Amino acid sequence: MTRHVSRIERPTTQSQRCNGNQVRRELMAQLEAHYNACSVIRMSYDAFTRLVAILRGRGLLRDNQYSFVEEQVAKFLHILSGQGRVRSESFFFRRSTETISRHFHKVLRALITLQDQFLVQPNGSTVSPQILNSGGRFYPYFKNCIGAIDGTHIRVKVSKEDVSRYRGRKNYPTMNVLAACTFDLKFTYVLPGWEGSASDSRILDNALSREDNLNAPQGKFYLADAGYMLRSTFLTPYRSTRYHLKEYSRHPPENPKELFNLRHSSLRNAIERAFGVLKNRFPILAEMSRYDVETVSEIVLGCCILHNFLVDFDPDEEIIAQVDRDLMNNEPDHGLANGAIARGEDGRRGEILRDSIATQMWNDYITRH
């Protein structure tokens, strides 16, 4: 009988007597022939070879007399899968822990260099297909919407002096990561590094003012949850109004605000789906206590770049379906009861824009029903 496994196995006793190069060649051959490479390196072998070709072709990683690019990337991806650590990779690949660690950081730096290719902010010149082809649910109301934003918390290990700054809503220290995505679940902006106690609005303010800023083109807007301030470029849902999708499954919307919130929620949850797929693809994001905060930030950014690469070349429909089920059964709290209140002239413009969309949407809804 064939014994199926979901990991790379160290070569047999006979192979163990071979030198390290032979062992590594056998490991890579086993990966290529593996019936389910996704369980080992979190992507198909075809996607793996494409990624290697990009990194090698752009001169970001090179073969040398001691290791090929394929080996370096495979070790890196196996660690991201949550199955391997530096010590275990050292055991399997017959490399020193220093070499494994050096290769991991080398591949990570190479990946981050690809952010200009794989993390691209929208310019708003075209309407998202997910909006345009929505059968009238989102178009023309959200035709100027270019994506959704939200934050997610990644557990980190910090010194005792920093614990209070990094402990927010969780009972343990976290990093608050701000991200924006398009409606095909691709990240377009990622800002890791903020301590878990920092508010979403504070992080967004920083993202808008920094040199590598989050860009909101003139006349375009993102969807955000109620934890953010309403602005003309960031539309939030109406407060004290039904919002969760499950709340509308049996009771349809009864007024313009409820209809706006329903469709806002349906469209905005792209960012929650993107985070869900990201964390399912790369289980290392759930446990990075062995890395310092700076390295965690780099790993988060690297995983987001890989996520976008895989959306194009190796989407995993099973993961997406599982994430959708999880979100439907466990919808997060969007802070509608105590969300941020619009302030200033731009907040007023946001209110006017939101009201105009809700009114137009409701009038069309009444006509059709």
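A short tour of the structure in this document, coming up. (Residues numbered from 1 in each chain as written. Predicted model: local features only at pLDDT ≥ 70, side-chain atom pairs only at ≥ 80, totals over all residues. Heavy atoms only, no water.)

Re the packing of helix 4 (residues 45–57) against helix 5 (residues 69–80)
Right, on to step 1. Between helix 4 and helix 5, whose axes approach to 10 Å, the crossing angle comes to 120°. If you check the angle between helix 4 and helix 5, you find them oblique. When the axes of helix 4 and helix 5 are compared, the crossing they make is right-handed. Here helix 4 contributes Phe48, Leu51, Val52, Leu55 and Arg56 to the contact with helix 5, which in turn contributes Val69, Glu70, Val73, Ala74 and Leu77.
Right, on to step 2. Grouping the constituent residues of the contact of helix 4 with helix 5 by class yields eight nonpolar, no polar and two charged. (Axes fitted to C-alpha atoms, helices over the stretch in contact; angles between N-to-C directions. Helix = DSSP H or I, 4+ residues; strand = E, 2+ residues; numbered from the N terminus. Parallel < 35°, antiparallel > 145°, perpendicular 65-115°, else oblique. Left-handed = near helix turned anticlockwise from the far one by under 90°. Contact = heavy atoms within 4.5 Å. Nonpolar A, V, L, I, M, F, W, Y, C, P; charged D, E, K, R; others polar.)

Section: the packing of aromatic side chains
Right, on to step 1. Applying the stated criterion across every chain, the model contains eleven aromatic pairs.
Right, on to step 2. Here Phe142 and Phe260 contribute two aromatic rings whose centre-to-centre distance is 6.0 Å and whose plane-to-plane angle is 40°, an arrangement assigned as tilted. Here Phe142 is found in the loop between helix 9 (129–132) and strand 1 (145–155), whereas its partner Phe260 is found in helix 12 (residues 256–268), with 118 residues between them in sequence.
Right, on to step 3. The exposure class assigned to Phe142 is buried, which follows from its relative accessible area of 0%.
Right, on to step 4. Pairwise contacts between aromatic rings join Phe138, Phe142, Tyr238 and Phe260 into one cluster.
Right, on to step 5. We note Arg155 situated over the ring of Tyr172; from NZ or CZ to the ring centre the distance is 4.1 Å.
Right, on to step 6. The side chain of Arg354 reaches across the aromatic face of Tyr238, ending 4.1 Å from its centre. (Phe/Tyr/Trp six-rings, centres within 6.5 Å; stacked < 30°, edge-to-face > 60°. Buried < 20%, exposed > 50% of the residue type's maximum accessible area, 1.4 Å probe, protein only. Lys NZ or Arg CZ within 6 Å of the ring centre and 35° of its normal.)

Details of the nonpolar core
Right, on to step 1. Formed by 88 residues in total, the largest nonpolar core has its most connected members in Phe142 and Phe187.
Right, on to step 2. The greatest single-element share of this core, amounting to eleven residues, is contributed by helix 14 (residues 293–313).
Right, on to step 3. Look past the residues within four positions of Phe187 in its chain and what remains in contact with it is Phe118, Leu119, Ala179, Ala180, Cys181, Ile271, Ala274, Phe275, Leu278, Cys304, His307 and Asn308. (Core = buried A, V, L, I, M, F, W, Y, C linked by side-chain atoms within 4.5 Å.)

With respect to the side chain of Arg42
Right, on to step 1. The topology assignment puts Arg42 in the loop between helix 3 (38–41) and helix 4.
Right, on to step 2. Within polar-contact distance, the side chain of Arg42 engages the backbone oxygen of Arg281 at 2.5 Å.
Right, on to step 3. Aside from chain neighbours lying at most four places away, what touches Arg42 is Ala37, Leu77, Ser81, Asn280, Arg281, Phe282, Pro283 and Leu310. (Polar contact = N/O pair within 3.5 Å; in protein donor to acceptor, adjacent residues only side chain to side chain.)

Brief notes about the pairing of strand 1
Along any regular strand, the residues point their side chains to alternate faces of the sheet.
Right, on to step 1. For strand 1, a buried count of ten out of eleven residues is recorded, marking the element as mostly surrounded by other parts of the structure.
Right, on to step 2. Here strand 1 runs beside strand 4 (residues 221–223); their pairing, made up of three bridges, is parallel. Each residue of the ladder has a partner; that of Ala148, found in strand 4, is Leu223. (Pairing = 2+ DSSP bridges.)

Comments concerning the pattern of salt bridges
Right, on to step 1. In total, this model carries 15 salt bridges according to the counting rule given.
Right, on to step 2. Between Lys75 and Glu71 there is a salt bridge, with its nearest N and O atoms 2.9 Å apart. With Lys75 and Glu71 both in helix 5 and four residues apart, the pair spans about one turn of that helix.
Right, on to step 3. Judged by its relative accessible area of 6%, Glu71 is buried.
Right, on to step 4. The shortest N-O distance in the salt bridge between Glu71 and Arg95 comes to 2.9 Å. In this pair, Glu71 sits in helix 5 while Arg95 sits in the loop between helix 6 (86–93) and helix 7 (97–112), placing the two residues 24 residues apart along the sequence.
Right, on to step 5. In this structure Arg95 comes out as buried when scored by relative accessible area, which is 12%.
Right, on to step 6. A single salt-bridge network, built from bridges that share partners, covers Arg56, Asp63 and Glu70. (Salt bridge = Lys/Arg side-chain N within 4 Å of Asp/Glu carboxyl O.)

These figures capture arrangement, not role.
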